[in-house]
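Summary of the model geometry
Listed below, chain by chain, are the residues.
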Amino acid sequence: MSYLSKSPWVVHYDASSCNGCDIEILAALCPGFDAERFGVVNTGNPKHADIFLVTGSVNERNAPIVKQIYDQMVEPKVVVACGVCACSGGIFHDCYNILGGVDKVIPVDVYAPGCAIRPESIIDAVVEATKILEEKAEALALSGKGA
């Protein structure tokens, strides 16, 4: 993992999942798997977050909320779709109210499929997101907008 000047903070949103992936995200952030060894800190405020972890498929009711959380995050920001439902709609993709994966509403940088996604995969996705975050920060700095 490359060096960042600060620890990446993550915000997590459950977009109508079965909670299997949510439990695995919490397991990844707890001492058993210890994502904090990479500097990852969980926050509840999107204005403080660098990485947006989304679980579950997006439906008509939560699409505006996902978009609102994404819009509240400060640039640079990275989105990780955690679990097959967040990647593509999963087993719910044919339901009448499901729009599909998270990428139907906001741009996704890292896809981490699985049902339920394993904590190791979540940590790998966050490490990959950290690399993308650093690339976006450098690009933002070069564009003159500052990071």
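Details of the structure are given in the entry above.
Our next topic: the overall build of the chain. Counting secondary structure elements, the chain contains four helices and seven strands. Traced from its N-terminal end to its C-terminal end, the chain shows the element sequence β-α-β-β-β-α-β-α-β-β-α. Over its C-alpha trace the chain gives a radius of gyration of 15 Å, about what one expects of a compact globule, namely 15 Å for 147 residues. Projected onto its principal axes, the C-alpha coordinates of the chain cover approximately 45 × 35 × 20 Å. The long-range fraction of contacts in the chain, counting pairs at least 24 apart against all pairs at least 6 apart in sequence, stands at 80%. With the model as given, the accessible surface of the chain reaches about 7,500 Å², and the carbon-plus-sulfur share is 55%. Charged side chains in the chain number 11 positive and 18 negative. The centres of these two groups are separated by 6 Å.

Basis of the calculations
- Residues numbered from 1 in each chain as written.
- Predicted model: local features only at pLDDT ≥ 70, side-chain atom pairs only at ≥ 80, totals over all residues.
- Heavy atoms only, no water.
- Helix = DSSP H or I, 4+ residues; strand = E, 2+ residues; numbered from the N terminus.
- Rg over C-alpha atoms; globule rule 2.2 N^0.38 Å.
- Contact = heavy atoms within 4.5 Å.
- Areas by Shrake-Rupley, 256 points an atom, 1.4 Å probe, with all protein chains shown as cover.
- Lys, Arg positive; Asp, Glu negative; His and termini not counted.
- Charge placed at Lys NZ, Arg CZ, Asp CG, Glu CD.

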